[in-house]
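Each chain is listed here by its residues.
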Amino acid sequence: MFKPKLLSLLIATSLLTACSGSDDKDDTTTTPEPTPPTEYAHKVTGQVTYIGAIAGANVCVDLNQDLSCSEGEPSTTTDTDGKYQIDWKSATEKPSYYLLANWIDNAASSARSALAVSSAADNTNATTGGMNIVALPDHAGYINALTNIEFSRYRKMIEADLTPQQVIEFRAKLKNLYATGFKQVETDLFSLSPEITLQPTFLDTLLLHDYLLNLTNERTVEILAAIEVLIAAFEAFENLILGYGFGTEAYLQTNPVAVTNKVESTLVSFGYMEAPVDDKAMNSTDWDTVFSSMLNQTDASHVLNIATVRNSHFVSLDYGTGDQTLTGVFSGDAVMIFDKTSGEEVPTECWNEPMKKWINASRNDQGYVLKEPVIEGNQLKTVYAGTEIPVEMNFHKYQNTVADWQDLLANLPSVLKLASLSWPSQIYRMDIKQTADVLCRAEDPITYETGVETASELSSSMIVELLWPFAYPESYVEDSTNKFTILDSFGQPESQHEWSISTSPNGGKLLTITEIVEDPIASQMVQPSYYLVTSNLLTEVELNTAFDTTYNKQLYRFTYDQSFSNTLYNHFKSLAKYTLLPPRP
């Protein structure tokens, strides 16, 4: 095809040649204006990468810029290397358009990919599993996670009514920031090779950035906030992820409050949001953490208890498994750690005095309705499930960088080495008060026939015969009226017990049997056994006695973002000199 200007030149030359043989012709003939072309040819070549090269992706030129591949818009399919070429013609010499790539993600890494760019441009389809990513014309045909992220920021610039010059300046600054944040990209920022997109460090940075993008979008309209927070607080985020121990994706899927708090404090430091008025007051985010970590419906608590008796320290850690608690004893040079399993869950009912009957709070056929917790300031008021007994929880909120938290850490037993940990941004210490005793039992309780009508007729010999039948009548010794010793097979003392009768919360008689242990450390592990005494029957029960931790200055009870439980678990395990730890579930 002749170019328009060349065609005009040839026409003009031929006219001059025709006129050159005669002086009689008028030499004022004008050259006609060149006819503009009716269409222009366009070509885009490039590559689609995401987590590796994307083969079989549909790529289209989104001429109407509606973020979909409409009928009639130029399109093609990527080859096995994710490469493509699109040729088309249009009446516009420099058309405006977006480049779209979409595909169905069936790869093993689809969970990571769905998380990695879910917020950038509404580019996942929860129903089909389809993935959609976008690029601008000046991305030179490359379509990948970083072009998609910049496109999302570009759209924010347009929505903010920035001038063309401001858009150019913002995009230049954005490119420099992303080059700093994504250190794995050594060449042009947006020309991502499949190899780079498969690097674990690149994927982790991408996952973290997208998570921060969600958080910052909820808190500020600043276009550059996410990448600025990523760069400023990267080391802090990295330490939190390393402390969790199961990788970036698993950590972020817990929606860690520690990350949220770090994002907010960084945004405050940049002047992008205002600091909270009272950093000691519990806000909605704090209560969300508390409820998810210790007051959820699954009984999967995340709570650390520390108690000191003389020179020994006791630790119990509920780390979210529901039926297991990590228990530790630190005494001198001896450190023993073991997992305590609660065993199969047994339906339990508790005595409700106003209703005068046993209530299982998980059932809805007994006329009992569990009261909703009431929040007043930093206090949560509720009742013991199945009863009307008030329970009050007072929360003391700490920020891990503030002096009062550092002072508290310094007062904790040094042998626990808790000051060496990278704690979440927010930690909550609890004081709990239960105002009265609560009596509970299994719905199908264990019972023993006594053959006597009243508690006053019970004796040590009767108790041994019922509860230690293997020792009756020859392998036990009555030490006193209410004390006896169980003997082993060699006739040596194995365990000593004492018993007493008291009034139970339901007004009946309660038999309490306690093992006598001289060692003060071991004695802390002893739990009394309780039996409700009725005519001709002992019924096994639990007595949850009233308590108020406010007055015990040697008892600490903490909760926190649940992702920190794994850090604590690994920390205590590393301190153990003697362990009884089965494989973690």
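Residues numbered from 1 in each chain as written. Predicted model: local features only at pLDDT ≥ 70, side-chain atom pairs only at ≥ 80, totals over all residues. Heavy atoms only, no water.

Asker: Provide a residue-level description of the sheet that holds strand β7 (residues 130-135), including the pertinent values.
Answerer: Ordered in space as β4-β3-β6-β7, the four strands form an open sheet in which the pairing is antiparallel. What marks the edges here is a single partner per strand, and that holds for β4 (75-77) and β7. Adjacent strand axes in the sheet meet at a mean angle of 20° when their direction is disregarded. As defined by bridge partners, strand β3 (residues 58-62) adjoins strand β6 (residues 98-104) across five bridges and the pair is classed as antiparallel. Among the inter-strand pairings, Cys-60 is bridged to a residue of β6, identified as Leu-100. Taken strand by strand, helix α3 (residues 145-159) contacts β6 and β7, and its axis lies near 65° from that of β7. (Pairing = 2+ DSSP bridges. Helix = DSSP H or I, 4+ residues; strand = E, 2+ residues; numbered from the N terminus. Axes fitted to C-alpha atoms, helices over the stretch in contact; angles between N-to-C directions. Contact = heavy atoms within 4.5 Å.)

Asker: With reference to specific residues and values, describe the nonpolar core.
Answerer: The nonpolar side chains of soluble globular proteins are, as a tendency, buried together. Val-48, Trp-103, Ile-143 and Val-259 are the most contacted members of the largest nonpolar core, which has 64 residues in total. Considering each element in turn, this core owes the most residues, eight residues, to helix α6 (residues 200-219). Judged by nonpolar contacts, the second largest core, of 28 residues, contains Leu-409, Tyr-556, Phe-558 and Tyr-569. (Core = buried A, V, L, I, M, F, W, Y, C linked by side-chain atoms within 4.5 Å. Buried < 20%, exposed > 50% of the residue type's maximum accessible area, 1.4 Å probe, protein only.)

Asker: Hey, could you go over the side chain of Thr-549 for me, with residue numbers and the actual values?
Answerer: Along the polypeptide, Thr-549 turns up in the loop between β27 (547-548) and β28 (555-560). Reaching out from Thr-549, the side chain makes a polar contact with the side chain of Asp-431 at a distance of 3.5 Å. Of the polar contacts made by the side chain of Thr-549, one reaches the backbone nitrogen of Ile-432; its length is 2.8 Å. The contact partners of Thr-549, leaving out residues within four places of it in the chain, are Met-430, Asp-431, Ile-432 and Leu-555. (Polar contact = N/O pair within 3.5 Å; in protein donor to acceptor, adjacent residues only side chain to side chain.)

Asker: Just give me the short version of the environment of Lys-262, but keep the residues and values in it.
Answerer: With respect to the helices, strands and loops of the structure, Lys-262 is situated in helix α10 (residues 257-270). Ignoring any residue separated from it by four or fewer positions in sequence, one finds Lys-262 in contact with Ala-233, Ala-236, Phe-237 and Ser-425.

Asker: Lay out the pattern of salt bridges in plain terms, naming residues and giving numbers.
Answerer: Inspection of the entire model under this criterion finds 13 salt bridges. Arg-363 is paired through a salt bridge with Asp-365; the nearest N and O atoms lie 2.9 Å apart. Taking relative accessible area as the criterion, Arg-363 reaches 33% and is therefore assigned partly exposed. The exposed category is assigned to Asp-365, whose relative accessible area is 52%. Each of Asp-138, Glu-150 and Arg-171 takes part in one network of salt bridges that share partners. (Salt bridge = Lys/Arg side-chain N within 4 Å of Asp/Glu carboxyl O.)

Asker: A description of helix α4 (residues 164-181) should follow, citing residues and the corresponding values.
Answerer: Its 18 residues place the ends of α4 25 Å apart at the C-alpha level, agreeing with the 26 Å of an ideal helix rising 1.5 Å per residue. Burial in α4 covers these residues: Val-167, Arg-171, Leu-174, Leu-177, Tyr-178 and Gly-181. Looking down the long axis of α4, one finds its buried residues gathered within 130° of arc, a one-sided arrangement. Exposed side of α4, more than 90 degrees from the buried face: Ile-168 and Asn-176 are the residues found there. (Expected span 1.5 Å × (residues − 1). Arc of directions from axis to C-beta.)

Asker: An account of unusual backbone geometry is needed here, citing residue identities and associated values.
Answerer: A cis amide bond links Tyr-472 to the next residue, Pro-473, at an omega of 10°. By the element assignment, Pro-473 lies in the loop between α13 (460-467) and β21 (476-480). At Lys-356, a position not held by glycine, the phi torsion is positive, near 55°. Locating Lys-356 in the fold gives a position in the loop between β13 (348-352) and β14 (357-359). With relative accessibility at 53%, the residue Lys-356 sits in the exposed group.

Asker: How would you sum up the packing of aromatic side chains? Please name residues and give values.
Answerer: All chains considered together, the criterion is met by 23 aromatic pairs. Judged by centre distance (5.7 Å) and plane angle (70°), the ring pair of Tyr-244 and Phe-246 falls under edge-to-face. Residue Tyr-244 is classed as buried on the basis of its relative accessible area, which comes to 13%. With centroids separated by 6.2 Å and ring planes inclined at 10°, the aromatic side chains of Tyr-556 and Phe-558 adopt a geometry described as stacked. The exposure classification of Tyr-556 matches that of Phe-558, with both residues buried. Put simply, the rings of Tyr-398, Trp-405, Trp-423, Tyr-556, Phe-558, Tyr-560 and Phe-564 pair up and form one aromatic cluster. (Phe/Tyr/Trp six-rings, centres within 6.5 Å; stacked < 30°, edge-to-face > 60°.)

Asker: A description of helix α12 (residues 403-411) should follow, citing residues and the corresponding values.
Answerer: Of all the residues in α12, the buried ones are Trp-405, Leu-408 and Leu-409. Seen along its axis, α12 keeps its buried residues to an arc of 100°; they face one direction. Set apart from the buried face of α12 by more than 90 degrees, the exposed residues are Ala-403, Ala-410 and Asn-411.

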